[in-house]
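Listed below are the residues making up each chain.
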Amino acid sequence: MKFTKILLTSTALSAVAGVALAQEMSNDMTIVSWGGAYQNSQLKAYVEPYQELHPEVNVVWDESSNEAVAKLRAMNEAGNITWDLVDVVASDAIRLCDEGLAMEYEPNELLAEGADGTSAEDDFGDLIVSDCYIPQIVYSTTFGYRTDMVPEGAAAPSEICSVFDLETYPGKRALEKRPINNMEWALLCDGVAKDEVYDVLATPEGQEKALAKLDTIKDNVIWWSAGADTPQLLADGEVFMGSTYNGRLFSVIEEQNQPVGMMWDAQVFDLDGWIIPEGLDEARLNRVKDFIKFATDTQRLADQAKYISYGPARLSSAPLVPEDMKQHMPTDPANAGNTFLYNYEFWADYRDDIDAKFQAWLAQ
Amino acid sequence: MSDVTETIPQDSPEQGRKKSDGKIRAADGTSLKRSLNRALRRQKLRALILIAPLLIFVLVTFIAPIADMLFRSVENQIVAQTLPRTTDALADWEAASGQAPGAPVYKALYEDIFIAQERKLHTRLGSRLNYELTGASSLFRKSGRGVGDMGEVYQDQFEDFDDFWKMGENWNAFLGSDEWLAEIQAWDKASGDDQPAFEMRDGMEELFPQTAAKYEIFADFVQYEDEDNLYKEDPWALIYSSFYDDLTGPTATQIAAYDGPAAAQIKAATAAAADFETVDYAAAFADVDKDWAETPIWETIQTYSGPFTNGYFLNAVDMQKSPDGAELRPENQRVYGTLFLRTLFMSLMITGSCILLGYPVAWLLANLPARTANLLMILVLLPFWTSLLVRTSAWKVMLQQQGVINDTLVWLGIVDNFNRLALINNQTGTIIAMTHILLPFMILPLYSVMATIPPAFLRAAKSLGATNWTAFWRVYFPQSVPGIGAGSILVFILSIGYYITPEIVGGTTGTFISNRIAYHISSSLNWGLAAALGAILLAVVLALYWAYDKIVGIDNVKLGG
Amino acid sequence: MSEKATGGDFVVFDHVQKSYDGETLVVKDLNLSIGKGEFLTMLGPSGSGKTTCLMMLAGFETATHGDILLDGKPINNISPHKRGIGMVFQNYALFPHMTIAENLSFPLEVRKMGKSEREEKVARALGMVQMERFGGRRPAQLSGGQQQRVALARALVFEPDLVLMDEPLGALDKQLREHMQFEIKHIADNLGITVVYVTHDQTEALTMSDRVAVFEDGRIQQLAPPDELYEKPCNSFVAQFIGENNTLQGEVKEIKDGLAVVKLDDGSLIDAMPVNVDKAGERTQLSIRPERVEFNMERLNPGAHTLQAEVLEFIYMGDIFRTRLRVAGNDSFIVKTRNAPDQVRLEPGQTVEIGWQAEDCRALDA
């Protein structure tokens, strides 16, 4: 009797301890991303390796990143968050954080420290642009041009103002159908100094000035709204030059072998990264945290650069990027001679106002 | 010969018996009308129960979202909910004075933003107000960080004065009721029981009105939003500033007579508080951002402090609120009027081209032998079986300047190689692609109406001497008009709300109002404006439907025999 | 009736053939002449080719071979609207979106007639069918019979010489149909127009027509005035198709003096009029109308053959008695007798002797 009692007590105790110690983790994880080559790089660089370590984990992809903010808001209103991890650009992350839809986190707790021992906070540095944002990569919006359409006698376009120079470089341009980036480039080419661009753009006169500059090429612009548009327009010879994400141009040049060149000048850096939706239950949150720690460590982010020409967001990952990819990275010193960083604060404030003016201008 | 009018069947003889009052009665003497009603009601009820699941489904899935949309377009509770004290305090302020509001408003703003930033609601309000005033977004984000510093001025002084005030337990012992204190001390989180809800000690609300009110909010937040143990939780800086206000405020004399828990500490703190450094909230906010010292943000808060607003609707018709009432927006911000007109105009064009192209096809369908007609019908329906995106993208390949159509025209020598036609990224592109996509919606009702027109009508017309054209125009066409009506309504209403195709092939001049709605839904997150635009679109459609009914008559719409 | 030029050449079908699929002929070598003012009915079961003939005449179908002449001119290549032929359709084909007056005015409008003249003619045509009060209504507001009148008026309002009618009374009930038969006939007679009328109802054909063309299998089986058609069917199809008819199978024993003696299948002999038989030994089908059977042997010619019959059923029908007999193995041999005071009523089970005048019994193709 006594013996069994002891046995029972000890098993009961150990059972309690087991429950308390091993964190309960959900085995299903829904990851929201962009689809295409980018999602593939994530799959290869960290989702598949993670699943090798944890074969019980089942990952479901949802290619909804471009409408993640609206969908997440709708889910939140409905009180049913079905996503565990959402890949968004930085400006969306800031908005999600502002709206209370994304979870704030502590970088040094959640993220692994760098391979060289630097703390996560220092390793990611300024790129943690919001308390909710876990950056993965740095990409840039820059121009590509058809090398076979460069007019005879003219040099290949190498600086941003070539976009506005219809005399030397006639032909159509592809620009994104939104004010962001276009307004900055226009002011830059209208003689505004780089460090004054946002001060000028904050004034109604400055906005008029930028639109007036854009007006000079308006008839020659095809406005794009999906990232795949410009590569397609370039490949078809519909436009002479166009802005798009550097990774898209990389695949046009390197994988499809189209006669397209990169301009890099005045490229605008932006970030892509994760947010964790607010309101996950304990088990799902534990799984996401476990995955994030793995997926954003130094090696994994460097691995991602093997599959797509975007720079890892960690300083400590940079040396691990394969040599042959380095030249295609927006952050490579040869490419990063003249760069902009997307001004999140400015656009959060001025987006509605300038967008109304920009749309009115477009509709004219 | 003489018997011309035919015998029309007589009404069946009265079934009931006539009573003296002349009313027809059923066999049991009750009014016939009533017993008929009763019999019918039972039938109707049974029918209603049968369709109830579907009815509920329709109500929930169709009516509720529309109602929700209409509500969103005027709903504006976020301002008053997030800044309740500020909007109250601001009620008397005159925007016309050109002066920033007085100190009480800033103090109210401090309290509101403090609570809001704890709940992470201030940035949401910032985004909301940024639709009306540029800069509000960052203003609220900055202020959320700033209010902490303001409160800490008092917190630090109290804590430096006496460590007693550092501890959450001490505050609870002083403000909480004895029963609650007993319960919370006995409560164990691991037990799984609910945390006992905070209860204020009697008399605290009168004695420390500010502190008590804020502490209630704090307690509620800690217990139900953070789900932490309130007993151990150190209070917000806001509690300290309110405590200071109470100690130096109108109830100071009563407080001096207080002899409850922590009476000694309170007495000492009261004495010390007289010498405390104070915070000028107006200056502090101006320090956070100079915008707080100016009138526009206050005007905006005051204008949008009501629970409902017509601001979204004004915005949707290119107007804005101003101190003098509604006024048109500056010219360089007007966009929706143009878009609405363009949407209507292009939808009409698309409907027109669908009629032109669809009519002959529907005629063929209705008049070819069954086998050929079936084959043709498959061709008509084929577009339905391919993805909308694929079809639209195919048009891109066809229509672009280096595309199939231009290449062909250049090859044929009709178009000069350097002046290729712009068929895409403009209105032409939208009209072509949408006509193609919506054509089946015109053909199908037309076909089903035409199929019911017997060929004998055309033969009759011809036998009466009409040429082919006259027979068609005077006899066939008028009978197919209900099909055109049905098809047109379908195509028009579908096209007025389309956005994917215009987005892809419309460029800047070929986009619709729906593209802006989609933008506000998914990019700018201004759902209120999107809802207002949607509501206007709905109203326009209903108005057009009404006009159609008045002019053509809705009886003249047929989807089939 | 007799003054009409039956068999004139106002409308002529000359060796007309029609095939829809290039393999089978729907109309096989049709030759038909219709006189001016004649009322000719094309009668036949469905699929016999009668409607096709009408449609070829109207111009809605083209003849595969042969000519159709109207008033001496070939009209094969003239489009329907130039033929000037009035037509009444099966379901009237009144234009539903026009009022009755507009329907009638339509053929006048397309002939560019002035307004006052149009109104006058419309009023007259409506008067002719007693529909004056209905000019402002729409077809859907009229009863079937009224629609029928309007359809008739519309076909006549532009004063065509030839009117075609395609089963115009098919959708009416019996009483109304009989009434309309007379009315159409009267109007046609009064106006002196030529009518080609298609029906599958033999009573209608007999009642209305100057001549009836019985169609079967794409051919005219018999073209004759109604009385001749009934009393002297030229083959067994016509005999069967028109009116009630008793048939007996047998073999010609001999033909003498224009009379045939037929040996029935049970061995008994009977007299008949040879129509489609010309020598002894041929198989034949005898056709005798129910009202021509005699019970009273004294009325027969001396030496006439008679048959034994067993009464199976006796039906009292008011004006007539209908008696079903078994004759020479045929169980459905019907005899009709007038309900006269001296007429005997036969009892089932009774055996009687029957006979007939030889010219009433036609020996037709087997």
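Residues numbered from 1 in each chain as written. Chains lettered and ligands numbered in written order. Predicted model: local features only at pLDDT ≥ 70, side-chain atom pairs only at ≥ 80, totals over all residues. Heavy atoms only, no water.

Colleague: Please clarify how the interface of chain C and chain B should be interpreted in this entry.
Modeller: Every contact between the two is made by 31 residues of chain C and, on the other side, 21 residues of chain B. Interface area, chain C with chain B, both sides summed: about 2,400 Å², of which 66% is carbon and sulfur. Here chain C is connected to chain B by two salt bridges. Where Arg474(B) meets Glu109(C), a salt bridge forms, and the shortest distance between an N and an O atom there is 2.9 Å. Linking chain C with chain B are three residue pairs in polar contact (both at pLDDT 80 or more), by the criterion used here. At the level of elements, strand E6 (85-88), helix H2 (100-109), helix H4 (144-156) and helix H5 (174-191) of chain C are the ones that each hand at least two residues to the side of chain C that touches chain B. For the side of chain C that touches chain B, the leading source of residues is H4(C), giving five residues. Residues belonging to the side of chain C that touches chain B are distributed by class as follows: 16 nonpolar, eight polar and seven charged. (Contact = heavy atoms within 4.5 Å. Buried area = accessible area lost by both parts, 1.4 Å probe. Salt bridge = Lys/Arg side-chain N within 4 Å of Asp/Glu carboxyl O. Polar contact = N/O pair within 3.5 Å; in protein donor to acceptor, adjacent residues only side chain to side chain. Helix = DSSP H or I, 4+ residues; strand = E, 2+ residues; numbered from the N terminus. Nonpolar A, V, L, I, M, F, W, Y, C, P; charged D, E, K, R; others polar.)

Colleague: What exactly am I supposed to notice about the sheet that holds strand E15 (residues 307-316) of chain C here?
Modeller: Hydrogen bonds along the backbone pair up the strands of a sheet, which may run parallel or antiparallel. Residues and elements named next belong to chain C. Ordered by their spatial adjacency, four strands build an open sheet running E17-E16-E15-E18, and the pairing between neighbours is antiparallel. Edge strands, defined here as strands with exactly one partner in the open sheet, are strand E17 (330-338) and strand E18 (351-354). In this sheet, neighbouring strand axes are inclined to one another by 45 degrees on average, regardless of whether the strands run parallel or antiparallel. (Pairing = 2+ DSSP bridges. Axes fitted to C-alpha atoms, helices over the stretch in contact; angles between N-to-C directions.)

Colleague: Looking at this model, I keep getting lost on the environment of Thr216(A). Mind explaining?
Modeller: Here Thr216(A) shows up in the loop between helix H9 (204-215) and strand E6 (221-224). Expressed as a C-alpha distance, the spacing of Thr216(A) and Leu166(A), which sit 50 residues apart in the sequence, is 8.7 Å.

Colleague: I tried to follow the pairing of E18(C) on my own but got confused; where do I start?
Modeller: The side chains of a regular strand alternate, first on one face of the sheet and then on the other. Residues and elements named next belong to chain C. Here E18 shows one buried face, formed by Val352 and Ile354, and one open face, formed by Thr351 and Glu353. Relative to E18, E15 is paired through four bridges, and the arrangement is antiparallel. Across the sheet, alanine 309 pairs through a bridge with valine 352, a residue of E18. (Buried < 20%, exposed > 50% of the residue type's maximum accessible area, 1.4 Å probe, protein only.)

Colleague: It is not clear to me how the pairing of strand E1 (residues 11-18) of chain C should be interpreted in this structure. Could you clarify?
Modeller: Sheet analysis places E1(C) next to strand E2 (residues 27-34) of chain C, joined by five bridges and oriented antiparallel. Paired with Val11(C) across the two strands is Ile34(C), which belongs to E2(C).

Colleague: Before we go on, may I ask you to explain the packing of aromatic side chains in this structure?
Modeller: Residue and element names in this part refer to chain A. According to the stated counting rule, one finds 66 aromatic pairs over all chains in the structure shown. Both rings, one in phenylalanine 143 and one in tryptophan 185, keep their centres 4.9 Å apart while their planes meet at 55 degrees; by these two values the pair is tilted. Separated by 42 residues along the polypeptide, phenylalanine 143 in strand E4 (residues 134-146) and tryptophan 185 in helix H7 (residues 182-188) bring together distant segments of the chain. For tryptophan 185, a relative accessible area of 2% translates into the label buried. (Phe/Tyr/Trp six-rings, centres within 6.5 Å; stacked < 30°, edge-to-face > 60°.)

Colleague: What am I meant to see in the interface of chain A and chain B here?
Modeller: Many authors give the size of an interface as the accessible area that is lost as the parts come together. Contacts between chain A and chain B engage 38 residues on the former and 37 residues on the latter. Interface area, chain A with chain B, both sides summed: about 3,400 Å², of which 43% is carbon and sulfur. Of all residues in chain A, the largest losses of buried area upon contact with chain B belong to Asp98(A), Glu238(A) and Asp349(A), amounting jointly to 17% of the total for that side. Scanning the region where chain A abuts chain B turns up six salt bridges. Notably, a salt bridge pairs Arg141(B) with Glu345(A), separated by 3.1 Å at the nearest N-O pair. Run the count over chain A and chain B and you get 25 residue pairs in polar contact (both at pLDDT 80 or more). Those elements that provide at least two residues to the side of chain A that touches chain B are helix H3 (68-78), helix H4 (90-98), E6, helix H10 (229-235) and helix H15 (344-363) of chain A.

Colleague: I keep staring at unusual backbone geometry and nothing clicks. Help me out?
Modeller: Excluding glycine, residues mostly have negative phi values, and the peptide bonds linking residues are mostly trans. Residues and elements named next belong to chain C. A positive phi angle is found at tyrosine 92, which is not glycine, with a value near 75 degrees. Within the secondary structure layout, tyrosine 92 lies in the loop between E6 and H2. For tyrosine 92, a relative accessible area of 6% corresponds to the buried category. The backbone of alanine 328 shows a phi angle near 50 degrees, a positive value even though the residue is not glycine. Looking at where alanine 328 falls in the secondary structure, it is placed in the loop between strand E16 (320-327) and E17. The partly exposed category is assigned to alanine 328, whose relative accessible area is 22%.

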